[in-house]
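Listed below are the residues making up each chain.
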Amino acid sequence: MLGWFLAAPAVIGAVGPAAASQPIPYAIVGCASRGAFHAPGQTNDGAVLPPVKTLEGRILDGKTLRIEGFLSPGDRFSAQTVFIVDNRCREDLIRGYRLCDPCGTMPGMPTGMLPPQPGTKVNLPAEVLRQFDHPPIRRSPP
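Per chain, residue numbering runs from 1 following the sequence as it is written. Per-residue local features of the predicted model are confined to residues with pLDDT of at least 70, and side-chain atom pairs are confined, for both listing and counting, to 80 or more; whole-chain, interface and lining totals are unaffected and use all residues. Processing note: side-chain calculations cover all non-hydrogen atoms of the structure and skip hydrogens and water entirely.

Draft legend 1. How the structure looks around the state of the cysteines. In what follows, a disulfide is any cysteine sulfur pair within 2.5 Å. Under the defined criterion, the tally for this structure stands at 2 disulfides. Across a sulfur-sulfur distance of 2.0 Å, Cys31 and Cys89 are joined as a disulfide pair. Remark: Cys89 occurs in the loop between strand 4 (76-86) and strand 5 (95-98) and Cys31 occurs in strand 1 (residues 24-33); sequence separation between them is 58 residues. Each residue's exposure class comes from its accessible area (1.4 Å probe, protein chains only) as a fraction of the maximum for that residue type: buried when under 20%, exposed when over 50%, partly exposed otherwise. The class for Cys31 is buried, based on a relative accessible area of 8%. You can call Cys89 partly exposed: its relative accessible area is 33%. A sulfur-sulfur separation of 1.8 Å characterises the disulfide bridge that pairs Cys100 with Cys103. Note on the Cys100 and Cys103 pair: the S-S dihedral is about 100°, so by sign convention the disulfide is right-handed. No difference in accessibility class separates Cys100 from Cys103, as the two residues are buried. Numbering of helices and strands starts at the N terminus; helices are DSSP runs of H or I of at least 4 residues and strands are runs of E of at least 2.

Draft legend 2. Representation of the pairing of strand 4 in the model. Note: two strands are recorded as paired if DSSP finds a minimum of 2 bridges between them. As judged from the 9 bridges shared by strand 3 (residues 64-72) and strand 4, these two strands associate in the antiparallel manner. Residue pairing across strands places Leu65 opposite Ile84, the latter belonging to strand 4. In textbook terms, the turn of a hairpin is the stretch between consecutive antiparallel strands, and for strand 3 and strand 4 this stretch comprises 3 residues, one of which, Gly74, has a positive phi near 85°. Direction of pairing for strand 4 relative to strand 6 (residues 120-122): antiparallel, over a ladder of 3 bridges. Along strand 6, the bridge assignment pairs Ile84 with Thr120.

Draft legend 3. Summary view of the nonpolar core. Residues belong to one nonpolar core when they are buried, are Ala, Val, Leu, Ile, Met, Phe, Trp, Tyr or Cys, and are joined through side-chain atoms within 4.5 Å. The biggest cluster of nonpolar side chains holds 21 residues, and the ones touching the most others in it are Leu65, Ile67, Val82 and Phe132. Elements with a contribution of two residues or more to this core: strand 1, strand 3, strand 4 and helix 2 (126-129). It only takes one pair of heavy atoms within 4.5 Å for two residues to be counted as in contact. Beyond its immediate sequence surroundings of up to four residues, Ile67 is in contact with Tyr26, Ala27, Ile28, Phe37, Phe77, Ala79, Thr81, Val82 and Phe132.

Draft legend 4. Structural detail: the pattern of salt bridges. Only one rule defines a salt bridge in this text: a Lys or Arg side-chain nitrogen within 4 Å of an Asp or Glu carboxyl oxygen. Scanning the model with the defined rule gives 4 salt bridges in all. Between Arg66 and Glu68 there is a salt bridge, with the nearest N and O atoms lying 2.8 Å from each other. Across the pair, exposure class does not vary: Arg66 and Glu68 are buried alike. In this structure, Arg90 and Asp86 form a salt bridge, with 3.1 Å as the shortest nitrogen-oxygen distance. By relative accessible area, which is 22% here, Arg90 ends up partly exposed. Take Asp86: its relative accessible area is 15%, and that puts it in the buried class. Put simply, Asp86, Arg88, Arg90 and Asp92 are held in one network by salt bridges that share partners.

Here's what the structure looks like:
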């Protein structure tokens, strides 16, 4: 019996490191209004994105925007690109969705990218683009 107990750590250690989930390409569609970007409820867990206050003086006000980037585990969104989807705010277009099907979330899994979505790319400075990033929501325990 003691021999099995002493051998158990060697067997447990042989399992190796656990693979972590990888970020997936993701898009958030929302509205630019009064210098802020609004996309209520558009993360996969229903968290509300905070308004982005860096659009002052931009020609984006009143337009529907699609922010493309990567959604990491824990709902951390990292923005990469902004597109104008419509020249007016259209609440019927507000949504969040994956840009891949299937999405390879573990190393070695296949990823199939969806066809490009319509829209006009907007070149924003990196410091403005980072303002679209969304950190995970801290939840208080029940």
